[in-house]
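Observations on the model geometry
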Amino acid sequence: MNGTRPPALHRVSRLDLVVETWAWPFAEARRADIDAHFSEKQREKPTLWNGRVLLGRNPVFSGDRLSASYFETDFASFLAWRDWGFPDASVFNGFGMGALLCADGALVLGEMGPHTANAGRIYFPSGTPDLDDIRDGAVDISGSVTRELEEETGLAPGEYDSEPHWYCFYTGPTLAMIRVLRVNMPGDDLRERIERNLASQRQPELSAIHVVRSARDLNSAMPRFVTAFIEAQLASRP
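Description of the structure in this document. (Residues numbered from 1 in each chain as written. Predicted model: local features only at pLDDT ≥ 70, side-chain atom pairs only at ≥ 80, totals over all residues. Heavy atoms only, no water.)

Our focus in this paragraph is the pattern of salt bridges. Summed over all chains, the structure comprises 15 salt bridges. Arg147 serves as the salt-bridge partner of Asp130, at 3.5 Å between the closest nitrogen and oxygen. A residue pair is termed long-range when its members are at least 10 positions apart, and Asp130 in the loop between strand S8 (126-127) and strand S9 (134-135) and Arg147 in helix H4 (residues 141-153) qualify at 17 residues. Across the pair Arg147 and Glu151 runs a salt bridge, and its minimum N-O distance is 3.7 Å. Here the residue Arg147 and the residue Glu151 both occupy positions in helix H4, the gap between them amounting to four residues, near one helical turn. (Salt bridge = Lys/Arg side-chain N within 4 Å of Asp/Glu carboxyl O. Helix = DSSP H or I, 4+ residues; strand = E, 2+ residues; numbered from the N terminus.)

Quick look at helix H3 (residues 75-83) now. In terms of burial, H3 is largely enclosed, as nine of its nine residues are buried. Every buried residue of H3 is accounted for by Phe75, Ala76, Ser77, Phe78, Leu79, Ala80, Trp81, Arg82 and Asp83. Check the buried side of H3 and you find it contacts helix H1 (25-29), helix H2 (31-44), strand S3 (52-62), strand S4 (65-74) and strand S5 (91-102). Phi turns positive one or two residues past the end of H3, at Gly85, with a value near 85 degrees. (Buried < 20%, exposed > 50% of the residue type's maximum accessible area, 1.4 Å probe, protein only. Contact = heavy atoms within 4.5 Å.)

Of note, Ile194 is situated in helix H5 (residues 187-199). Relative accessible area serves as the criterion here: at 1%, Ile194 is assigned to the buried category. In this structure the C-alpha to C-alpha distance between Ile194 and Glu152, which are 42 residues apart in sequence, comes to 8.5 Å. Once residues within four sequence positions are removed from consideration, Ile194 is found in contact with Leu100, Val108, Glu152, Thr153 and Ile209.

Honestly, that's just the spatial picture; any functional story needs more than this.
Here is the structure:
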């Protein structure tokens, strides 16, 4: 059964994302099919690595707080679940995104490289959390965004100002926790800077940088970057 639902947008200031030990029935029941699927994907893209990732369960929005539990699984199981249309509706891919909002109101997004599992899709800097994102028994989404942003764009902490709240965009199989990161430079200048950083990397995750024109006022910018997210993230359906 597919778990996709009408998208919902929640604004919260607190994330309580506890990590628990849980055996995913989907991954156990479909192990042979999952392994075969991943082997096929690796033949297409040899750099794919079956590392450990964290997926979520039981999200609850209450006031300005999001709570959920996360569990560890392998990337092969996650990839099969995604590619097969999210057959287990009890779990979700919950990840942080850094929405780069520039001084001229432009939003900056990256296009995933051809060697990645999301080739050609356009996102704000982001990534499915993994074991490196666990802090004191919980998923540190803020730290995940900081890490992914520096890996993908070269922007380090101190080079942007983080808004205190999160825009949580929930579709059922995906839950994007989007934090606005204000950068004190025009969008074109930031794009050029990121492009220089990508040129210095041997195999960058991003193949192109896109600038979406918006407005200085965040309330005006919100519809633009939510629309950009919808167009990119919902395209993950096969």
